[in-house]
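Next come the chains, spelled out residue by residue.
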Amino acid sequence: MFKFKNHAFCLLTAFGGMLLTPAWGEPVAPWLRAYINGEEVVGTTLESRYSTPEDEPASPVIQWEKADSRTGKPVLVQQGKDAESYTLTDKDAGKYFRIIVGGGTKDAIASPWIGPVITEKQAESINNRFDPGKSYQENVDALQKELSEKLKDAVYFTVDTDKLHGAPYAMAANERIALPEDIRPFRENGKIYVNHPFVQAVFKKELPDEIMEEAGGQKAYEIGNVARALKLNLWMGDKEKAPLPNFRMQPMAEGLVVLSPEKNVFSPVADRDLVNEAVNRLFDFKASDEQLKWFRDAKFGLFVHWNPSSLLEREISWERNAARPKDSASGHKNIMDFEYDSAHRRFNPKQYDPRKWMSVAKKSGMKYAVLTTKHHDSFSNFPSDYDTFTIANTPYGKDIVGQFAAAVHAAGLRLGFYYSGRDWYNPYYLTDQHYRYLEYYFGQISELLTRYGQVDVLWFDSLGNSSLNQWDPRTMMRRIKQYQPDILVNNRMNGTRGGNKGPLPDDLKGDFLTPECKLGPFNDKTPWESCMTVADIPGTRWTGNWSYTSKAKAKPVETSIKFLINNTVKDGNLLYNIGPTPLGTFDPKQAETFLAMGKWIAPYREAIYNNRGGPYKDQPWGGSCYKTDRRGKKTVYLHVSPLIAQQGKELKGSEPLFIKDIGEKFTKATVIVNGSGNGKAAKLEKEGAQYKITLPAGVAWDSLDTVIKLQ
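Numbers given to residues run from 1 along each chain, matching the order in which its sequence is written. Totals for whole chains, interfaces and linings use every residue, but because this is a predicted model, local features are given only for residues with pLDDT of at least 70 and side-chain atom pairs only at 80 or more, for both listing and counting. Water and hydrogen atoms play no part in the side-chain values, which are based on all heavy atoms of the structure.

Caption draft 1: Looking closely at the side chain of aspartate 271. Of note, aspartate 271 is situated in the loop between strand S17 (256–260) and helix H5 (272–280). The cut-offs for exposure are 20% and 50% of the maximum accessible area for each residue type, with area from a 1.4 Å probe on protein chains only; residues under the lower value are buried, those over the upper are exposed, and the others partly exposed. Its relative accessible area of 11% is what places aspartate 271 among the buried residues. Starting at the N terminus, helices and strands are each numbered in turn, a helix being any DSSP run of H or I of at least four residues and a strand any DSSP run of E of at least two.

This is the structure:
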């Protein structure tokens, strides 16, 4: 086992060009995780940081570079083996900075950019309204109170801006007003317009006919003319920006329009949190029943855990032999695992073809697919302007997420992205420079939700030992809805590990529950899915194996079918995981389990998809699901399955089934089974307060599942 330490400065002892060589025979870089420590404020001395194996000293050349933007042309500031720090001057204001450790060598690594640099006066203007001594909800309540007073006579709303969707509501004198699509504000030729129905709904006044004009194919009013006609002051987030786009200074107020009797209603820096909360008010964080319908109907999805950890055949993140900052104990004091953390340098999945993955998914009966874009180990399967520990810096180099998204869309499936806010590698995570991690977090989510077309699910994992005061979750939830209005978000995004004061507000609990490696109980109140793994490593403590190892065995088909039947009749979904090989292929045995499930599903499709769990719940013989037609009549599907039956209560042979009369007045029973009895009528008899169902002659209860369709 290697031990590692973090270098505040470059060591003066020469490394001699020697590379650490682990047991698996591939050389590991002599340094990893370059980053800059210190605030990006004029007058501050920034320090270089990088990690090397303990007792393996190194003195690489360090280059300091600056640019006008994260994607701008770098300019060399200084370099050398003794260039361990750099002091920011007035000339650096507005610039972005990075370091390159090992400049001029094949092992050179660049840090992410930080910036833009701000002046000391600008830094003093930053006002954080989230008091760590109060609960998150107390801080939000205080923001809301201040906001209500400030905007008590104001009207405000948002309008589409670039890739951001406008809000479905406006606020007028602190009253929330729904905005159907046909009355929402819009832009034309750089101007913002509102139509007559909007004016009536929000302002409840008539405007002079002479300020009405043709815009957007209709009669409308330019917002500046509206303000003048109503003698109100206009505050626009597109114009009232911080002097520099520094994350701590800049409110996320694109498209926000405020009409108020007061002038200069917000200061864009001091009121950053207040402005963000004003926009937050204009969005629903929970999905509607209509938006959730496809998810409830889908029943079966594909989960994929994959990144360079597959090369080592180690469980993704959890078998990284390093500390886990502000999180569950790992038993390791070292901050790096050089074998694990440098595996990306040889990650080259040349056989990756997600179209083949989607072919398997469709044949298996899956309706949506979720890919790990970033796990707790911090490696991103997509290129990012906010990090260098990504697929862009591998021999493969191509965007894994982009190819996956294109394949999912082409296959007609719903697209989901897993993303871990919890991060055991990023040096700023839950430190005194956590604001940099927040910028990275917000930035990467924006990349995922704006590059790849429609995204249907954002599947977060829980956070570390922290407070919601450190995360600004309302602004994040609203931002997600601005990018993808119909997206579903799971329940883990705002789950902290013991560091939060007070209960989690309902509107931050996500849209669906995610029991892990266990089958969910009956729940028709909150949507849910069990995330399970098709792979197991016999004799280990793992409840399932998420990422690839050749030691894993595929779960039996019967077990997999049990998962699906159980969750179908209990009103949930099954998200079934596979870990691809380092080359980018599915393990054949695991893929065979998926495909065998698809063959089993085929005759039962109508009794699985587009159904809700019930009305017969937790029955000794199994359970049921149902559809409701436009007239309110139910078609009920009884899943008579030994796989989920209570022990000793399985129906055998052709003994009759008895069910309670629930008032549906059934008149017809049809057998659906994967065998010769399919489509035959079962005998349906009313006996007092129950129905007796007898199988057709020559048909016996199936060893996996027999479905009785009741109409």
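Caption draft 2: Summary view of the nonpolar core. Nonpolar cores were defined as sets of buried Ala, Val, Leu, Ile, Met, Phe, Trp, Tyr and Cys residues, with membership established by side-chain atoms within 4.5 Å. The biggest cluster of nonpolar side chains holds 152 residues, and the ones touching the most others in it are Tyr441 and Leu638. Residue contributions to this core peak at eight residues, all from helix H11 (residues 434–451). Residues are treated as being in contact if the distance between any of their heavy atoms lies within 4.5 Å. Tyrosine 441 has contacts with Tyr419, Gly421, Phe460, Trp471, Met476 and Met493, leaving out every residue within four places of it along the chain. One finds Ile183, Val199, Val202 and Ala227 within the second-largest nonpolar core, a separate group that totals 24 residues.

Caption draft 3: The pairing of strand S13 (residues 191–195), seen in detail. Summarising burial for S13: four of the five residues are buried, a large majority. Only when DSSP finds a minimum of two bridges between them are two strands counted as paired. Examined bridge by bridge, strand S12 (residues 186–188) and S13 share three bridges and lie antiparallel to one another. Within the sheet, the bridge partner assigned to arginine 187 lies in S13 and is isoleucine 192. Where S12 folds back on S13, the antiparallel hairpin that results is connected by two residues, among which asparagine 189 adopts a positive phi of roughly 50°. Across three bridges, the pairing between S13 and strand S15 (residues 218–222) is antiparallel. Counterpart to tyrosine 193 in the pairing with S15 is glutamate 222.

Caption draft 4: Local environment of the confidence of the model for the protein. Predicted confidence across the protein gives a mean pLDDT of 93, with 95% of residues reaching 70 or more. Low pLDDT, under 50, characterises residues 1–21; the stretch is placed with 67 contacts to residues that sit more than four places away or in other chains. Confidence of the predictor in every single residue is expressed as pLDDT, which spans 0 to 100.

Caption draft 5: Region of interest: the pattern of salt bridges. Salt bridges, as used here, are contacts in which a Lys or Arg side-chain nitrogen is within 4 Å of a carboxyl oxygen on Asp or Glu. In this structure the tally under the stated criterion is 41 salt bridges. In this structure, arginine 422 and aspartate 327 form a salt bridge, with 2.5 Å as the shortest nitrogen-oxygen distance. Here arginine 422 is found in the loop between strand S20 (414–420) and H11, whereas its partner aspartate 327 is found in the loop between helix H7 (309–312) and helix H8 (338–341), with 95 residues between them in sequence. Counted as one network, the salt bridges with shared partners bring together Lys106, Asp107 and Arg345.

Caption draft 6: Expanded view of the sheet that holds strand S22 (residues 488–489). Taken in spatial order, the seven strands make up an open sheet running S22-S21-S20-S19-S18-S26-S23, and their pairing is parallel. Both outer strands of the open sheet, S22 and strand S23 (529–533), are each paired with one neighbouring strand and no more.

Caption draft 7: Representation of the sheet that holds strand S8 (residues 109–110) within the structure. With antiparallel pairing, four strands are arranged side by side in an open sheet as S5-S4-S7-S8. Both outer strands of the open sheet, strand S5 (75–80) and S8, are each paired with one neighbouring strand and no more. Bridge analysis of strand S4 (residues 62–67) against strand S7 (residues 96–101) gives six bridges, and the strand direction is antiparallel. If you follow isoleucine 62 over to S7, its bridge partner there is valine 101.

Caption draft 8: Spotlight on the pairing of strand S9 (residues 155–158). Residues Val155 and Phe157 line one face of S9 and the alternating positions Tyr156 and Thr158 line the opposite face, and both faces are buried. Where S9 lies against strand S10 (residues 169–172), two bridges are found, and the strand directions are antiparallel. Bridge pairing in S10 places valine 155 opposite alanine 172. When S9 meets S17, the two strands line up antiparallel, connected through four bridges. Looking at the pairing, phenylalanine 157 lines up with valine 257 of S17.

Caption draft 9: Layout of the packing of aromatic side chains. Stacked, tilted and edge-to-face are the three classes applied to pairs of Phe, Tyr and Trp rings, where Trp contributes its six-membered ring and a pair requires centres within 6.5 Å; stacked means planes under 30 degrees apart, edge-to-face means over 60, and tilted covers the rest. A complete count under the given rule lists 42 aromatic pairs for this structure. Between phenylalanine 417 and tyrosine 452 the ring centres are 5.8 Å apart and the planes differ by 80°, which places this aromatic pair in the edge-to-face class. Here phenylalanine 417, found in strand S20, pairs with tyrosine 452, found in the loop between H11 and strand S21 (457–461); they are 35 residues apart in sequence, far enough to count as distant. Overall, the relative accessible area of 0% leaves phenylalanine 417 in the buried class. Take tyrosine 452: its relative accessible area is 10%, and that puts it in the buried class.

Caption draft 10: Focus on helix H9 (residues 354–363). The set of residues buried in H9 consists of Pro354, Trp357, Met358, Val360 and Ala361. The arc that holds the buried residues of H9, viewed along the axis, is 155°, so those residues lie on one side. In H9, those exposed residues whose orientation departs by more than 90 degrees from the buried face are Arg355, Lys356 and Lys363. Buried-residue contacts for H9 involve strand S18 (300–304), strand S19 (368–374), helix H10 (400–410) and helix H14 (588–601). Looking one or two places after H9, you find glycine 365, whose phi comes out positive at around 90°. Here, the arc refers to the directions that run from the helix axis to the C-beta atoms.

Caption draft 11: Local environment of unusual backbone geometry. Residue proline 116 is reached from glycine 115 by a cis peptide bond, and omega for that bond is 0°. With respect to the secondary-structure elements, proline 116 resides in the loop between S8 and helix H1 (120–124). A cis amide bond, omega 0°, links glycine 614 with the succeeding residue proline 615. Within the secondary structure, proline 615 is located in the loop between strand S27 (612–613) and strand S28 (622–628). Even without being a glycine, asparagine 174 presents a positive backbone phi close to 70°. Relative to the assigned elements, asparagine 174 resides in the loop between S10 and strand S11 (175–178). Residue classification places asparagine 174 among the partly exposed residues on the basis of a relative accessible area of 29%. In this model, lysine 231 sits at a positive phi of 55°, which is unusual for a non-glycine residue.

Caption draft 12: Main features of the environment of tryptophan 235. Within the secondary structure, tryptophan 235 is located in strand S16 (residues 233–236). Overall, tryptophan 235 belongs to the buried group, its relative accessible area being 4%. It is 24 Å that separates the C-alpha atoms of tryptophan 235 and proline 180, two residues lying 55 residues apart in sequence. Once residues within four sequence positions are removed from consideration, tryptophan 235 is found in contact with Glu240, Ala253, Leu256, Val257, Val258, Val265, Phe266 and Val275.

Caption draft 13: Representation of the packing of helix H2 (residues 136–150) against H5. Axis lines are fitted through C-alpha atoms, for helices just across the contact stretch, and the angle between N-to-C directions can take any value from 0 to 180 degrees. As a packed pair, H2 and H5 sit with axes 10 Å apart at the nearest point and diverge in direction by 80°. Relative to H5, the element H2 is oriented roughly perpendicular. Residues Leu143, Gln144, Glu146, Leu147 and Lys150 of H2 lie in contact with H5, whose contacting residues are Asp273, Leu274, Glu277 and Ala278. Angle categories: roughly parallel below 35 degrees, roughly antiparallel above 145, roughly perpendicular from 65 to 115, and oblique for all the rest.

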